[in-house]
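Fold and geometry: a report
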Amino acid sequence: MADQLTRLIFDDFNIRGVAVRIVNDTDQLISSHNYPAPLAKLLLEAAAISAMLTTTLKFKGKISLQLQTPNSLKLLLVQTTHELEYRGIIRHEDYANEAFAELTQGGQMVITIEPDKGERYQGIIALEGDTLTACIEGYFAQSEQLKTRLLIYSRPTGVFGLLLQALPDLSSDADFEHVDTLAQTLTEEEAFELQNHDILHRLYHEERVRSLADESISFNCSCSRDKMLSSLQLLDDAEISEILEASGHIEIQCEFCLTQYKFSAIDIKSFGAVKGNDTRH
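Our subject in this report is the structure included herewith. No experiment lies behind these values; they were computed from the predicted model shown.

1. Overview of the pattern of salt bridges
- Going through the model one piece at a time under the given rule, you end up with ten salt bridges.
- The partner of R7 in a salt bridge is E215, and the shortest N-O contact between them spans 2.6 Å. One end of the pair, R7, is in strand β1 (residues 4-10); the other, E215, is in strand β11 (residues 215-216), and 208 residues separate them in sequence.
- Residue R7 is classed as partly exposed on the basis of its relative accessible area, which comes to 25%.
- Residue E215 is classed as partly exposed on the basis of its relative accessible area of 24%.
- Where R225 meets D267, a salt bridge forms, and the shortest distance between an N and an O atom there is 3.2 Å. Taken together, the residues R225 in helix α7 (residues 225-231) and D267 in helix α9 (residues 265-271) connect sequence positions 42 residues apart.
- Judged by relative accessible area, which is 37%, R225 ranks as partly exposed.
- Using a relative accessible area of 25% as the deciding quantity, one classes D267 as partly exposed.
- Each of the salt bridges in this network shares a partner with another, and the network as a whole consists of E137, R149 and D180.

Laid out in structure tokens, this is it:
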């Protein structure tokens, strides 16, 4: 099955929907990092949610979904572009298989919308739900005043998500409850065994649903050699010189995709991160 995102519209009810599946392209996101299975599952859920949120963009840019807590989950970050290319990372310490509410107690979720051109928007939400989906639903209810239902079916190796959201001219609350009730009949087995269109047909074959074109979704890290060289400007000249003297080069690993970059003194000087023995600030 292909990793894909499918948009749909319930014309009779003024409700939009998004179905997303990520089951193949997960190695760089989770497998290579050796995350504990529950955290890997949470990162997959966040990737699916970030992709579905990206469908709200009406411009070129990206959405970042970030969780920060004072507990063992120090950081969860997923970034997804308007082209449905995503990357993500988790940082954790002393993780002890805590439930989501315990893991995120006292933390916050930040949703950042970054247009390629123009000002960015940031929403900060307290993590008060028992699940990530409950926190997202609460965000839309409070900040957007839009009825939203988010269903996630996840395994350590894949995720399926379904987003239902009322448009501003929703016909009635009863219609939203009807569409939501049908969605709740989906089982985990069906979510992973059926294609997006088969799932939507199974749920809504008696409704008038307009399905938009399927879109591919894939992991793609935006790291580059130049970006990694640029990051060396965060180090002072003494630290750079010490590393170069000790090993003859500096190695940097991208936290997202784990790609290794190696730079010599000549590489660093030619890029401009170091001028002679002085760091350019």
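2. Observations concerning the layout of surface pockets
- Considered as a void within the structure, the largest pocket measures approximately 400 Å³ in volume.
- Surrounding the largest pocket, 16 residues form its lining, L53, T56, L57, K58 and F140 being those nearest its centre.
- Elements with a minimum of two residues in the lining of the largest pocket: β6 (108-115) and α3 (132-144).
- Looking at the lining of the largest pocket, the element that brings in the most residues is α3, giving three residues.
- Looking at the lining of the largest pocket, its residues break down into ten nonpolar, three polar and three charged.
- In this structure, the second largest pocket encloses a volume near 230 Å³.
- Among the secondary structure elements, those contributing two or more residues to the lining of the second largest pocket are α1 (37-54) and α2 (100-104).
- For the lining of the second largest pocket, the element with the most residues is α1, which contributes five residues.
- Residue classes in the lining of the second largest pocket are distributed as eight nonpolar, three polar and three charged.

Reading the values: the criteria
- Residues numbered from 1 in each chain as written.
- Predicted model: local features only at pLDDT ≥ 70, side-chain atom pairs only at ≥ 80, totals over all residues.
- Heavy atoms only, no water.
- Salt bridge = Lys/Arg side-chain N within 4 Å of Asp/Glu carboxyl O.
- Helix = DSSP H or I, 4+ residues; strand = E, 2+ residues; numbered from the N terminus.
- Buried < 20%, exposed > 50% of the residue type's maximum accessible area, 1.4 Å probe, protein only.
- 1 Å grid on protein atoms, 1.4 Å probe; cavity = no way out; pocket = protein on both sides within 12 Å on 5 of 7 lines; lining within 4 Å.
- Points joined across faces, edges and corners; volume = space filled by probe spheres on them.
- Nonpolar A, V, L, I, M, F, W, Y, C, P; charged D, E, K, R; others polar.

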